[in-house]
Amino acid sequence: MKIQYPFFQQVQVLFLGIHFLVLFPPLYSTAQTATSGLKDYYRDYFPIGVSVGPRSLEGDQAALISAQFNSLTAENVMKMGPIHPEEDTYLWENADKIAQFASENGLLLRGHTLCWHSQTPDWLFKDAEGQEVKKEMLLKRLEDHITAVVSRYKGKVYAWDVVNEAIADGEADFYRASPWYTIIGEAFIAKAFEFAHRIDPDALLFYNDYNTINPVKRDKIYEMVKRLQAEGVPIHGIGIQGHWNIHSLTEENLRAALAKYASLGLKIQVTELDLSIYKSESGRRSKGADESDVFTPELEKLQAEKYKMIFEVFRDFKDVITSVTFWNVSDRHSWLDNFPVRGRKNYPLLFDKDLKPKKAYWEVVKF
Ligand code: GLA
């Protein structure tokens, strides 16, 4: 039966409704305006971050960043090579700029990364004679580095990627045969966490890696973290980089990995999200880009569907996922341009090269 309310009652209800919206906007999640950013749509879920270099903090990109995001990660300038190029030289300027932008604009700041095998300075693994450095000296260098960097950003960086990419990809090996591993052994991982925790006991400390939803690597990461926990190592979370592509990413692998990591009782942060439009290719393709490397409407649609799925899954795991960070701001520039194929442009993000939201963006915020 349809109930007819007198006209004045309808007006009253409408009036009360408007009042409610004005008084309690946060309770009304679908009331987002066209000017709402990702951070606003996801206010009840997790912060949405972006990786930046000092130049992305100027002009139109800066405006987009503060409108859309509420967390920052330094794309490169906090890594060992850029920040500590010589044993007695630290270059803070670029990292400081990012920390300053975060604090002036009220964004969170993630630190990336304290110990990695790539983008390391030349001096690190050599002694004064140019020979491979001894274990004790390398540990001391790791301690000094972490002490200096974590002290500088104490109270500014709330979460650190402490060790990046220590696990091997294939089935054959457990750990990656990096200089850290071959010189120190697996203890370098626990030590890095201990050094960071000693300097900033309030910072949340993450192990960060790629291919984390691949079942083989996933199980190894799970094993390693479980061992670290059993040894009492101060580790608080797992960073899932999330450099995926639209062709091979499956919901099944994503859900299974999140559930498995969550069972460790740690937090998960998605630290480096982007979604390449190309199938993965190992090694650089020597002939460079060709005519097949085009962002077609079909690929755009598939990308939008995959982003929709990814964020549906993330929302389902909102109790364990405490941050989602995109790797680069927009398709104007991504580390995937020219990599691994020279001259090839990629389109992996939610904003196009004019910083306009893509189809994928609207799928991410429509829920
Ligand atoms: C890894 C690192 C990042 C970045 C990307 C490629 O995922 O963790 O810092 O270098 O590779 O840009």
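Note that the structure is predicted; figures quoted are calculated from it, not measured.

Peer 1: Before we move on, can you summarise the overall build of the chain with the specific residues and values?
Peer 2: When its secondary structure is counted, the chain shows twelve helices and nine strands. Sorting the 367 residues of the chain into buried and exposed places 50% on the buried side. Carbon and sulfur atoms provide 54% of the accessible area of the chain, an area that totals close to 17,700 Å².

Peer 1: Got a sec to walk through the packing of aromatic side chains? Specific residues and values, please.
Peer 2: To describe a pair of aromatic rings, one takes the distance between the centres and the angle between the planes. Tallied over the full model, the rule gives 21 aromatic pairs. Taking 6.2 Å as the distance between ring centres and 40° as the angle between the ring planes, the aromatic pair formed by Y307 and F326 counts as tilted. Of this pair, Y307 sits in helix α11 (residues 297-316) while F326 is found in strand β9 (residues 321-326), placing the two residues 19 residues apart along the sequence. Seen in terms of ring centroids, F351 and Y361 are 5.3 Å apart; in terms of plane orientation they differ by 55°. Their pairing is tilted. One end of the pair, F351, is in the loop between β9 and α12 (359-365); the other, Y361, is in helix α12, with ten residues separating them in the sequence. Taking relative accessible area as the criterion, F351 reaches 1% and is therefore assigned buried. You can call Y361 buried: its relative accessible area is 2%. Grouping aromatic residues by their ring pairs yields a cluster made of Y42, Y45, F46, F69, Y307, F311, F314, F326, F351, Y361, W362 and F367. Positioned above the aromatic ring of Y45 is the side chain of K318, whose terminal nitrogen or guanidinium carbon lies 5.1 Å from the ring centre.

Peer 1: Outline the layout of surface pockets, supporting the account with residue identities and numerical values.
Peer 2: Size it by volume and the largest pocket reaches roughly 1,100 Å³. Around the largest pocket, the lining comprises 37 residues; the ones closest to its centre are Y210, H243, W335, L336 and F339. Looking at the lining of the largest pocket, the elements with two or more residues in it are β7 (243-245) and β8 (267-276). A per-class count over the lining of the largest pocket returns eleven nonpolar, 18 polar and eight charged. In this structure, the second largest pocket spans a volume of roughly 270 Å³. The wall of the second largest pocket is formed by 15 residues, among which G53, R55, S56, E75 and H333 lie closest to the centre. Taken together, the residues of the lining of the second largest pocket sort by class into four nonpolar, eight polar and three charged.

Peer 1: If you had to explain the nonpolar core to someone new, which residues and values would you point to?
Peer 2: Counting residues in each nonpolar core, the largest one holds 108 residues, and the members touching the most others are L72, W160, F311 and F314. Those residues in contact with F311, other than ones at most four positions away along the chain, are Y42, F46, I48, L273, V324, F326 and V364.

Peer 1: Lay out the environment of S103 in plain terms, naming residues and giving numbers.
Peer 2: Within the secondary structure layout, S103 lies in helix α5 (residues 93-105). Residue S103 is classed as exposed on the basis of its relative accessible area of 58%. For the pair S103 and K156, spaced 53 residues apart in the sequence, the C-alpha separation amounts to 7.7 Å.

Peer 1: Please give an account of the pairing of strand β2 (residues 71-74) that cites residues and values.
Peer 2: Going residue by residue along β2, you find S71 and T73 tucked away on one face and L72 and A74 tucked away on the opposite face as well. Once you follow strand β1 (residues 48-52) into helix α3 (residues 59-68) and on to β2, the crossover reads as right-handed. Taken together, the three bridges between β2 and strand β3 (residues 108-115) define a ladder with parallel strand orientation. Bridge pairing links S71 to L108 in β3.

Peer 1: Residues and numbers for the site of the ligand, please.
Peer 2: In the vicinity of the ligand, the contacting residues are K79, H112, W116, Q119, N164, E165, Q241, H243, E272, W327 and W335. Note that an oxygen atom of the ligand is positioned 2.8 Å from one of the side-chain N or O atoms of K79. In the model, an oxygen atom of the ligand is placed 2.7 Å from a nitrogen or oxygen of the Q241 side chain. Starting from 300 Å² of accessible surface for the ligand in isolation, the protein chains cover 89%. For the ligand, the cavity whose grid points lie within 2 Å of the majority of its atoms is the largest pocket. For the shell around the ligand, the class distribution of residues is three nonpolar, five polar and three charged.

Peer 1: Go over the pattern of salt bridges, please, and point to the residues and values.
Peer 2: Taken as a whole and assessed by the stated rule, the structure comprises 22 salt bridges. Among the salt bridges present, the one from K301 reaches E305, with a minimum N-O distance of 3.3 Å. Of the two residues, K301 and E305 both sit in helix α11, four residues apart, roughly one turn of that helix. Note on K301: relative accessible area 52%, which makes it exposed. Between K308 and E312 there is a salt bridge, with its nearest N and O atoms 3.4 Å apart.

What counts, and where the lines are drawn
Residues numbered from 1 in each chain as written. Predicted model: local features only at pLDDT ≥ 70, side-chain atom pairs only at ≥ 80, totals over all residues. Heavy atoms only, no water. Helix = DSSP H or I, 4+ residues; strand = E, 2+ residues; numbered from the N terminus. Buried < 20%, exposed > 50% of the residue type's maximum accessible area, 1.4 Å probe, protein only. Areas by Shrake-Rupley, 256 points an atom, 1.4 Å probe, with all protein chains shown as cover. Phe/Tyr/Trp six-rings, centres within 6.5 Å; stacked < 30°, edge-to-face > 60°. Lys NZ or Arg CZ within 6 Å of the ring centre and 35° of its normal. 1 Å grid on protein atoms, 1.4 Å probe; cavity = no way out; pocket = protein on both sides within 12 Å on 5 of 7 lines; lining within 4 Å. Points joined across faces, edges and corners; volume = space filled by probe spheres on them. Nonpolar A, V, L, I, M, F, W, Y, C, P; charged D, E, K, R; others polar. Core = buried A, V, L, I, M, F, W, Y, C linked by side-chain atoms within 4.5 Å. Contact = heavy atoms within 4.5 Å. Right-handed = clockwise from strand over helix to strand, strands pointing away. Pairing = 2+ DSSP bridges. Near = heavy atom within 4 Å. Polar contact = N/O pair within 3.5 Å; in protein donor to acceptor, adjacent residues only side chain to side chain. Sits in = over half its atoms within 2 Å of the grid points. Salt bridge = Lys/Arg side-chain N within 4 Å of Asp/Glu carboxyl O.

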